[in-house]
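An overview of the molecular structure
Given next are the chains, with one letter for each unit.
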Amino acid sequence: MMKNLNCLIPASGALVLLICATPVAAPAQWLKFKTPGIPRTADGKPNLTAPAPKTADGRPDLSGLWNNMRGENPPARGEEATESVLNYMPKGTELPLQPWAQELYKQRVDSQGVDRPSGYCLPHTIPDAFVHGGPKRIIQTPTIVAILYEQMTHFRQIFMDGRTRPEVTLPAWYGYSTGKWEGDALVVDTIGFNDRSWLDDAGHPHTDALHTIERFTRPDFGHLRVQITIDDPKAYTKPWTETIRFELAADTEMLEDVCDNEKDAAHYPK
Amino acid sequence: MKNNSIQSCLIGAALGTLLLVMQTPGQGQQPAAAPASVKGRPAPPNRPAPRLPDGKPDFAGVWGSDQHFRQDLADALKPGENLPLQPWALKLTKEHLSNDDPEANCLPTGVPRMSPYPWRIIQTPTHTYFLFEGNIHSFRQIFMDGRAHTKDVNPTWFGESIGKWDGDTLVIDTIGYNDKFWFDFAGHPHTEQMHTIERYRRPDLGHLEWETLIDDPGAYTRPFTVYGRVNLLPNEELMEYICQENNRDVGHIRGKDPRNRESKQ
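Just so it is clear, the model here is predicted, and its values are computed rather than measured.

This next bit is on the overall build of chain B. Scanning chain B from N- to C-terminus turns up three helices and nine strands. Helices and strands in chain B line up, N terminus first, as α-β-α-β-β-β-β-β-β-β-β-α. Here chain B holds 265 residues, and the buried ones make up 57% of them. With an accessible surface of roughly 11,100 Å², chain B has 54% of that area assigned to carbon and sulfur atoms.

This is the structure we're talking about:
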């Protein structure tokens, strides 16, 4: 049977820690099939510095399977590796949290994130899914860009058909995303978030006023750069930006990760 | 902010009802005919199916659901046929209570079951993806890159799917299913031995048809085939439906769905 290896729950100790790390690969399954049609070096390895591919209409093609590269400010050795937007920002960065949001963030840190939505099988959204480990696949078509996440086998849709922002009557976990090209950058504008997701596992909060702008660029074949601006005037005093870099994951595939019946939630301290 | 899950469920239910109405009666083996327009919505377009640059049919689009793949999978058999259940599987079907249905507990439908909500197909040269509005907002990936099945596959909800073209038919061969999901509300089981071969065609722009051969010697006495047919939903999009968000139904489900054949026996 498929074992859910992502969340390891140590059974002992007064405080049960939930360690949701980068998904651990299950026994080899379609993991070693060579990705066809990609540039390779003389020794057969994927050539990650080859030029970025283009679509038939001359746009950069962002399609591929991507793994995030650790940020510039990863947790120090021995620290608990909580996935945080701060890992992708210069050391010492202080986010411009409103006082109430600062207080809520502190509560979440102090309680080791026990009410983290993913612990209840609820989605990792924006930018959370990019901050978090696990491969993501981008599929680019002229009218829609889909981002598939290995985690929870969830997906996100970005509409490229020229539609404008919708009038949001139904806030959603992934919000409503429209994309357009600015030169070689895919710029994705998202509104209509609900206020239930967290920006990261660390617990940075947001409200339903959240508006994100993501700029996707592919400087070469093997690398993707996503600059994310968080604009939520109800939770932050000013917009802020972080950049997450990804490396192409060649010769591998996403596994299935189904969050099975909220088995973690029962182990949270009350 | 107010929690909008109930609103979301209502919209989902309304959409599901509409899709039921839109469903062409009969089963997949019927000739493709333009279905009647539903009030306020145009009938699906009846032009030729689009093609990809390599000449293969393009299945991309948002598709409706086929109601025969929900209550009782026997509904999707040819008329007069019954599911060839082994005795233990028939017994288990009768014992399954609806509130234990994995689908009701926010787990994937597996194959060939469908949720009542729309789904999207996206094709690339190396992969085909099914994206589901229902079915826990999940997706299915089908490898089109020429790989063979893995030996000793780790069982999963959607199994390991390999696709290839047989003329204009997309043939998806899947093994490596877990034995957790039910085929339908009736509770028809299967085992990890299940092997499916799905054959998808797009006879015109507005329709997708398929037949699925199900071979599970662990639970059924012989292989059997189910037939599906759905309409393109032009100008529709997948909404977001997160089952885990506010799953209030399951606590109210009692007994078995009265529409199931086995529950009438």
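Looking now at the overall build of chain A. Regarding its fold elements, chain A presents two helices and 11 strands. When the elements of chain A are put in sequence order from the N terminus, they spell out β-β-β-α-α-β-β-β-β-β-β-β-β. Counting contacts in chain A only where the partners sit at least 6 residues apart, residues at least 24 apart contribute 59% of the total.

Turning to helix α1 (residues 99-110) of chain A, a few remarks are in order. Residues and elements named next belong to chain A. Its 12 residues give α1 an end-to-end C-alpha distance of 16 Å, which sits within 8% of 16 Å, the value for a rise of 1.5 Å per residue. Within α1, the full set of buried residues consists of Ala101, Tyr105 and Arg108. One side of α1 carries all its buried residues, which in axial view fall inside an arc of 60°. Turned more than 90 degrees away from the buried face of α1 sit Pro99 and Asp110, all of them exposed.

A few words on the nonpolar core. Residue and element names in this part refer to chain A. Of all hydrophobic cores here, the largest spans 45 residues; its most connected members are Phe130, Ile138, Leu186, Phe216, Leu224 and Trp240. Mapped onto this core, the elements with two or more residues apiece are α1, α2 (128-131), β5 (144-149), β8 (185-191), β10 (223-231) and β11 (240-248). When near neighbours in sequence (up to four residues on either side) are disregarded, Phe130 contacts Asn68, Tyr88, Lys136, Ile147, Tyr149, Arg156, Glu214, Phe216, Val226, Ile228, Ile244 and Phe246.

Once that is clear, we can look at the sheet that holds strand β4 (residues 139-143) of chain B. All names here are of chain B. What the nine strands build is an open sheet, ordered β1-β2-β3-β4-β5-β6-β7-β8-β9; its pairing is mixed. The open sheet terminates on both sides in strands that have one partner only, identified here as β1 (61-63) and β9 (224-231). Here the average twist between neighbouring strands, direction ignored, is 25°. Both strand β3 (residues 127-132) and β4 contribute to a ladder of five bridges, which runs antiparallel. The residue of β4 that forms the bridge with Leu131 is Phe139.

Here the focus is the packing of aromatic side chains. Following the criterion strictly, the structure yields 17 aromatic pairs over all chains and no others. On the numbers, 6.0 Å between centres and 15° between planes, the contact of A:Tyr149 with A:Tyr174 is stacked. Remark: A:Tyr174 occurs in the loop between β6 (155-159) and β7 (176-182) and A:Tyr149 occurs in strand β5; sequence separation between them is 25 residues. Under the relative-accessibility criterion, A:Tyr149 is labelled buried at 4%. According to the relative accessible area criterion, A:Tyr174 is buried, its value standing at 4%. Ring centres of B:Trp119 and B:Trp210 lie 6.4 Å apart, and the angle between their planes is 90°; this geometry places the pair in the edge-to-face category. Taken together, the positions of B:Trp119 in strand β2 (residues 119-123) and B:Trp210 in strand β8 (residues 207-215) put the pair 91 residues apart, joining distant regions of the chain. A single burial state applies to B:Trp119 and to B:Trp210, both of which are buried. Here the aromatic residues B:Phe69, B:Trp119, B:Phe130, B:Tyr200 and B:Trp210 are joined through ring pairs into a cluster of three or more. Looking at A:Arg163, its charged tip hangs above the ring of A:Phe159, at a distance of 3.9 Å from the centre.

Ordered by their spatial adjacency, nine strands build a closed barrel running β3-β4-β5-β6-β7-β8-β9-β10-β11 (chain A), and the pairing between neighbours is mixed. Between one strand and the next, the sheet's axes are offset by a mean angle of 30°, whatever the strand orientation.

Our next topic: unusual backbone geometry. The step from A:Ile126 to A:Pro127 runs through a cis peptide bond, and the omega angle for that step is -5°. Mapped onto the fold, A:Pro127 is located in the loop between α1 and α2. Of note in the backbone geometry, B:Cys106 takes a positive phi value of approximately 65° without being a glycine. As for its position among the elements, B:Cys106 is in the loop between α2 (87-95) and β2. Assessed through its relative accessible area of 4%, B:Cys106 is described here as buried.

It is worth spelling out the side chain of A:Thr212 at this point. All names here are of chain A. By secondary structure assignment, the location of Thr212 is in strand β9 (residues 211-220). For Thr212, a relative accessible area of 0% translates into the label buried. Leaving out residues up to four positions away in the same chain, Thr212 has contacts with Ile126, Val188, Asp189, Thr190, Phe193, Thr229 and Ile230.

What follows covers the state of the cysteines. All chains considered together, the criterion is met by two disulfides over all chains. The disulfide bridge from A:Cys121 ends at A:Cys259, spanning 2.2 Å between sulfur atoms. On the sign convention where negative is left-handed, the bridge of A:Cys121 and A:Cys259, at about -75° about the S-S bond, is left-handed. Residue A:Cys121 is found in the loop between α1 and α2, and its partner A:Cys259 is found in the segment after β11; the two are separated by 138 residues along the sequence. A relative accessible area of 1% places A:Cys121 in the buried class. Shown here is the disulfide that connects B:Cys106 with B:Cys243, its sulfur atoms set 2.1 Å apart. Taking the sign of the torsion about the S-S bond as the criterion, the disulfide between B:Cys106 and B:Cys243, at about -75°, is left-handed. Pair noted here: B:Cys106 is in the loop between α2 and β2 and B:Cys243 is in the loop between β9 and α3 (261-264), with a separation of 137 residues, a long-range link. Each member of the pair, B:Cys106 together with B:Cys243, is buried.

What counts, and where the lines are drawn
Residues numbered from 1 in each chain as written. Chains lettered and ligands numbered in written order. Predicted model: local features only at pLDDT ≥ 70, side-chain atom pairs only at ≥ 80, totals over all residues. Heavy atoms only, no water. Helix = DSSP H or I, 4+ residues; strand = E, 2+ residues; numbered from the N terminus. Buried < 20%, exposed > 50% of the residue type's maximum accessible area, 1.4 Å probe, protein only. Areas by Shrake-Rupley, 256 points an atom, 1.4 Å probe, with all protein chains shown as cover. Contact = heavy atoms within 4.5 Å. Expected span 1.5 Å × (residues − 1). Arc of directions from axis to C-beta. Core = buried A, V, L, I, M, F, W, Y, C linked by side-chain atoms within 4.5 Å. Pairing = 2+ DSSP bridges. Axes fitted to C-alpha atoms, helices over the stretch in contact; angles between N-to-C directions. Phe/Tyr/Trp six-rings, centres within 6.5 Å; stacked < 30°, edge-to-face > 60°. Lys NZ or Arg CZ within 6 Å of the ring centre and 35° of its normal. Disulfide = S-S within 2.5 Å.

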